[in-house]
Amino acid sequence: MPNLQSPISNPTLSIVIVNYNTRQLLDDCLASIFAAQAPDGGLEVIVVDNASRDGSQAMVREKYPTVQLIASEVNRGFSAANNLGVGVANGRSILFLNSDTRVDANALAEPVKYLLDNPTVGALTVRLIYPTGERDPDNHRGFPTPWNAICHFSGLSKLFPANPRFNGYFQSYADMSQTHPVDVIAGSYMLMPMALCQELGGWDETYFFYGEDIDFCYRIRQAGYRIIYYPHVAVLHYKGASSGLRKESADIAKPPKETRVKVAKESVRAMKIFYRKFYRQQYPWVVTAVVLAGIQIRGWFRILKHQLT
């Protein structure tokens, strides 16, 4: 049983975890949080459950009585659920953390101290790693400008991985062992000042899941803040469980076809929302038409692939 802390009225850190049918992973995540070193001033944990049917809510109530549980009657999606958590959070800083993660012992206190010591930082992430030990590339990206997208989907980024001109999508040319700025981090572990989160109005609820973290990062950069990749602590990430693309049981090779098709459709919708919101006015209409058509065509191929397999 983890060492549960008593609730703190004005903690240094609020942790918001959105959960959807990941009971065992959520249990492991919460246990790792309470086993980790808390930042000076303490922390609070808020779980927003998106109408899970796997006993997640009962598990939280029984095993983690100090966790504030918000039990939604419907699946509101990632953005809206995070905003519910923000609405009750009291910390100076706020960490949005996926339920399919496990934090190391120093993965809370160290990043929070860095964030609070550097007021120009608007968001921060750490080294997310898969169970295989590989780094999660989605947690270190550039913005999906038309050029970056062309280089990524055409394969140019793989041909010239060390060239910033051609590898602006994942920016893998950077020294991943050093703290440095980056454009886009994932919502799997996104730490930011509470005041800035509230100033920006939280997450854009137009997105259901996918794309909302890119949107948030873009607005953070627009507000004049830096986004930092802090690789000195690690967080284990069981990729895909939150969206239904990964099952908790290891003997299930693939999720249902309907889930894969739904995720493919939602990712296409998210890319269209982001481009129209931020890039439509920056590029000629011909570029916009080509990009949107490319997004749709690629989406059709992904959906067809899932329907046929």
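To start, this report covers the structure provided alongside it. Keep in mind that this is a model prediction, so the values were computed, not measured.

1. Looking at helix H2 (residues 56-63)
Three or more residues of H2 are buried, namely Ser56, Gln57, Met59 and Val60. Buried positions in H2, seen along its axis, are confined to an arc of 160 degrees and lie on one side of it. Exposed residues on H2 whose side chains face more than 90 degrees from its buried face are Arg61 and Glu62. Its buried side turned inward, H2 meets strand S1 (13-19), helix H1 (23-35), strand S2 (43-50) and strand S3 (68-72).

2. Structural notes on the pattern of salt bridges
Applying the stated criterion across every chain yields a total of eight salt bridges. Taking the shortest distance from any N to any O, the salt bridge between Lys277 and Asp204 comes out at 2.7 Å. In this pair, Lys277 is assigned in helix H9 (residues 257-278) and Asp204 in the loop between helix H7 (194-199) and helix H8 (212-222), connecting sequence segments 73 residues apart. Given the relative accessible area of 39%, Lys277 is considered partly exposed. Classification of Asp204 as buried rests on a relative accessible area of 16%. Among the ionic pairs, Asp215 bridges to Lys277, the shortest N-O distance being 2.8 Å.

3. Considerations on unusual backbone geometry
For residues other than glycine, phi is negative in most cases, and the peptide bonds are mostly trans. Even without being a glycine, Asn21 presents a positive backbone phi close to 60 degrees. One can find Asn21 in the loop between S1 and H1. A positive phi angle, near 50 degrees, is found at Gln171, a position not held by glycine. For Gln171, the position within the fold is in the loop between helix H6 (156-159) and strand S7 (180-181).

4. A few points about the side chain of Asn82
Mapped onto the elements, Asn82 comes out in helix H3 (residues 78-88). Its relative accessible area of 1% is what places Asn82 among the buried residues. Other than its neighbours up to four places away in sequence, Asn82 contacts Val16, Val18, Phe96 and Trp203.

5. Things to note about the pairing of strand S4 (residues 93-98)
Within a regular strand, side chains alternate between the sheet's two faces. Burial within S4 is extensive, with six of its six residues counted as buried. The two faces of S4 match: Ser93, Leu95 and Leu97 on one face and Ile94, Phe96 and Asn98 on the other face are all buried. With six bridges joining them, S1 and S4 adopt parallel strand pairing. The partner of Ser14 across the bridge, within S4, is Ile94. Alignment of S4 against strand S8 (residues 189-193), held across five bridges, turns out to be antiparallel. Bridge assignment links Ile94 to a residue of S8, and that residue is Met192.

6. Looking at the packing of aromatic side chains
Under the criterion given, the structure shown has 18 aromatic pairs. The rings of Phe143, Tyr218, Phe274, Tyr275, Phe278, Tyr279 and Tyr283 are connected pair by pair, giving a single aromatic cluster.

7. Points about the environment of Leu236
Along the chain, the position of Leu236 falls in strand S9 (residues 226-237). Along the backbone, Leu236 and Ile129 are 107 residues apart, and their C-alpha atoms lie at a distance of 5.1 Å. Other than its neighbours up to four places away in sequence, Leu236 contacts Asp100, Thr101, Arg102, Ile129, Tyr130 and Pro131.

8. Remarks on the packing of H1 against H2
Interaxial distance between H1 and H2 falls to 9 Å at its minimum, and their mutual angle equals 30 degrees. With respect to each other, H1 and H2 are oriented roughly parallel. Between H1 and H2 the crossing geometry is right-handed. Packed against H1, whose contacting residues are Arg23, Leu26, Asp27 and Leu30, the element H2 presents Ser56, Met59, Val60 and Lys63 at the interface. Here the residues of the contact of H1 with H2 sort into four nonpolar, one polar and three charged.

9. Considerations on the nonpolar core
Formed by 42 residues in total, the largest nonpolar core has its most connected members in Ile94, Phe96, Met192 and Phe216. At six residues, the largest contribution of residues to this core is made by H9. What Met192 contacts, discounting residues up to four positions off in sequence, is Ser93, Ile94, Phe96, Leu115, Gly122, Ala123, Cys197, Phe216 and Ile220. In this structure, Ile15, Leu30, Phe34 and Val45 belong to the second largest nonpolar core, which totals 34 residues.

The rules behind the values
Residues numbered from 1 in each chain as written. Predicted model: local features only at pLDDT ≥ 70, side-chain atom pairs only at ≥ 80, totals over all residues. Heavy atoms only, no water. Buried < 20%, exposed > 50% of the residue type's maximum accessible area, 1.4 Å probe, protein only. Helix = DSSP H or I, 4+ residues; strand = E, 2+ residues; numbered from the N terminus. Arc of directions from axis to C-beta. Contact = heavy atoms within 4.5 Å. Salt bridge = Lys/Arg side-chain N within 4 Å of Asp/Glu carboxyl O. Pairing = 2+ DSSP bridges. Phe/Tyr/Trp six-rings, centres within 6.5 Å; stacked < 30°, edge-to-face > 60°. Axes fitted to C-alpha atoms, helices over the stretch in contact; angles between N-to-C directions. Parallel < 35°, antiparallel > 145°, perpendicular 65-115°, else oblique. Left-handed = near helix turned anticlockwise from the far one by under 90°. Nonpolar A, V, L, I, M, F, W, Y, C, P; charged D, E, K, R; others polar. Core = buried A, V, L, I, M, F, W, Y, C linked by side-chain atoms within 4.5 Å.

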